[in-house]
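Commentary on secondary and tertiary structure
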Amino acid sequence: MLLVVLSRTLDLARHRLPTLFSAGWGYMLVLVALNVAISLQMMPENGFTTGSYMMEPLTATGDAAAREKALRGLAVLANILAGFSIAVAYLRRILLGERGFPLAFGARNIRVAWKLALLGLLSVLFFLPLLLLGALLTSVTGPIGGFLLLASPFITLMLVQRVSLVLPAAALDDSMSLKDSWRLTAGIGWSLAFAALVVSLLAALATGLWIGFVSLVGDAFVPATGLAAQLRSALVPMGAMVILTWLFASLHATAYALTRERFVEQAGLCMVDAERVAARREEAHRDKARQAVRSVLGSRSRRD
């Protein structure tokens, strides 16, 4: 199942890259303009030593340092807002065939933002207890606790992926709850987690290549200051956000389509894949039922 999820995600991302740009070009222009404006505010007299304000070390002190931190925080928030707005348009174009206004923003985007913040909070709530339990077990059992410490980020990733279908659902006006997402991903949780890990590594690699490309071109052709330098600075965070949006939105579109069979064909999947996921889900439910029965029978035998 891991190969199904991962291969279908990468196929979707590769084949629908033009769709990403046609659906999200309006917000991409907003991203460029926003990052150029922040670059203008943060550019030193001699230009950025790293090529972009997002990678520039903080050298100011006092009020200037606080201002730089505030501007970077605003830039991160604005890039995330624009990024998931691109993801919403991308998902709706793929799965619904919708061709909306390039800068559409409304209640739907707010719901996605809320679900994204909720998943971030759940990540912390899942991770901290695992981390504390691992630390406690390390002092008592040694290797077992150490293994849990190493595995806790991945376990957290798996748990979050089990409920992450609420993001594409919110983008498609589907009132899916966390409980519904957990139920629909029964039997494929670990596959989604491994796929998310691979996608994260690919996103990191692609982002590194993008930063390297912009740096090489900038060092060769772009002056240290001026509008061209500000545009170069803006392209680094803009490109990184587009890459993250492209890959993770493709993963979520694939996972959502596999669990909502009516979207299988729109995502370029096969009904066989959806049926395989459904069979995994049914098997997981049957295993849970068998465990419950064994637990009840075991408790009865102990009472007898």
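Residues numbered from 1 in each chain as written. Predicted model: local features only at pLDDT ≥ 70, side-chain atom pairs only at ≥ 80, totals over all residues. Heavy atoms only, no water.

What about the overall build of the chain?
A count of helical and extended segments in the chain gives 10 helices and zero strands. Each helix and strand of the chain, ordered N terminal to C terminal, gives the series α-α-α-α-α-α-α-α-α-α. Looking at the 304 residues of the chain, the share that counts as buried comes to 44%. Sequence separation of at least 24 residues holds for 73% of the intrachain contacts in the chain that already meet a minimum separation of 6. With an accessible surface of roughly 15700 Å², the chain has 69% of that area assigned to carbon and sulfur atoms. (Helix = DSSP H or I, 4+ residues; strand = E, 2+ residues; numbered from the N terminus. Buried < 20%, exposed > 50% of the residue type's maximum accessible area, 1.4 Å probe, protein only. Contact = heavy atoms within 4.5 Å. Areas by Shrake-Rupley, 256 points an atom, 1.4 Å probe, with all protein chains shown as cover.)

Comments concerning the packing of helix α1 (residues 2–15) against helix α8 (residues 189–221)
Running from amino to carboxyl end, α1 crosses α8 at an angle of 40°, the nearest separation of the two axes being 8 Å. Classified by the angle their axes make, α1 and α8 are oblique. Remark: the crossing between α1 and α8 carries right-handed chirality. Of the residues in α8, those in contact with L2, V5, L6, T9 and L10 of α1 are S191, L192, F194, A195, V198, V199 and L202. (Axes fitted to C-alpha atoms, helices over the stretch in contact; angles between N-to-C directions. Parallel < 35°, antiparallel > 145°, perpendicular 65-115°, else oblique. Left-handed = near helix turned anticlockwise from the far one by under 90°.)

Quick look at the pattern of salt bridges
Per the stated rule, a full pass over the model turns up eight salt bridges. Here D11 ties to R14 by a salt bridge, and the two come within 3.1 Å at their closest N and O atoms. Taken as a pair, D11 and R14 lie in helix α1 at a separation of three residues, close to a single helical turn. Residues participating in the shared-partner salt-bridge network are R92, E98, R108, R111 and D173. (Salt bridge = Lys/Arg side-chain N within 4 Å of Asp/Glu carboxyl O.)

Things to note about the nonpolar core
Membership of the largest hydrophobic core comes to 58 residues, with the highest contact counts inside it found for V5, L20, L31, Y90, V112, L247 and Y256. Of all the secondary structure elements, the ones that give two or more residues to this core are α1, α2 (17–42), α3 (63–96), α4 (107–141), α6 (166–171), α8 and α9 (227–259). Ranked by residue count, the leading element in this core is α9, at 14 residues. Residue contacts for Y90: discarding those within four places in its chain leaves L12, A13, R16, T19, L20, A23, W246, A249 and S250. Membership of the second largest hydrophobic core comes to eight residues, among which are M42, M43, F48 and A229. (Core = buried A, V, L, I, M, F, W, Y, C linked by side-chain atoms within 4.5 Å.)

Concerning the layout of surface pockets
When its volume is computed, the largest pocket comes out at roughly 720 Å³. As for the largest pocket, its lining consists of 26 residues, and the residues nearest its centre are L116, L167, L244, F248 and H252. Looking at the lining of the largest pocket, its residues break down into 18 nonpolar, eight polar and no charged. Space inside the second largest pocket adds up to approximately 280 Å³. Put simply, the parts of the chain that give the lining of the second largest pocket at least two residues each are α2, α3 and α4. With five residues, the top contributor of residues to the lining of the second largest pocket is α3. (1 Å grid on protein atoms, 1.4 Å probe; cavity = no way out; pocket = protein on both sides within 12 Å on 5 of 7 lines; lining within 4 Å. Points joined across faces, edges and corners; volume = space filled by probe spheres on them. Nonpolar A, V, L, I, M, F, W, Y, C, P; charged D, E, K, R; others polar.)

Some thoughts on the environment of E283
In this fold, E283 is placed in helix α10 (residues 271–303). Between the C-alpha atoms of E283 and G187, which are 96 residues apart in sequence, the distance is 7.3 Å.

Quick word on the environment of V222
By secondary structure assignment, the location of V222 is in the loop between α8 and α9. The contact partners of V222, leaving out residues within four places of it in the chain, are V217, A228, A229 and R232.

A closer look at a nonpolar patch on the surface
Together, L10, L202, L205 and L209 make up an exposed nonpolar region whose accessible area comes to about 350 Å². When residues of the nonpolar patch are assigned to their parent elements, the largest contribution, three residues, is made by α8. (Patch = residues over 30% accessible without salt bridge, like charges linked within 9 Å, V, L, I, M, F, W, Y side chains within 5 Å.)

Considering the side chain of R232
Assignment of secondary structure puts R232 in helix α9. For R232, a relative accessible area of 13% corresponds to the buried category. Every residue in contact with R232, bar those within four places of it in the chain, is listed here: G51, V214, S215, G218, D219 and V222.

Observations regarding the packing of aromatic side chains
Per the stated rule, a full pass over the model turns up three aromatic pairs. Both rings, one in F154 and one in W190, keep their centres 5.6 Å apart while their planes meet at 20°; by these two values the pair is stacked. Pair noted here: F154 is in helix α5 (residues 143–163) and W190 is in helix α8, with a separation of 36 residues, a long-range link. On the numbers, 6.2 Å between centres and 35° between planes, the contact of W210 with F213 is tilted. Of this pair, W210 and F213 both sit in helix α8, three residues apart, roughly one helical turn. Each residue in the set F154, W190 and F194 is aromatic and connected to the rest through ring pairs, giving one cluster. (Phe/Tyr/Trp six-rings, centres within 6.5 Å; stacked < 30°, edge-to-face > 60°.)

Things to note about unusual backbone geometry
Of note in the backbone geometry, D173 takes a positive phi value of approximately 60° without being a glycine. Of note, D173 is situated in the loop between α6 and α7 (178–184). Given the relative accessible area of 40%, D173 is considered partly exposed.

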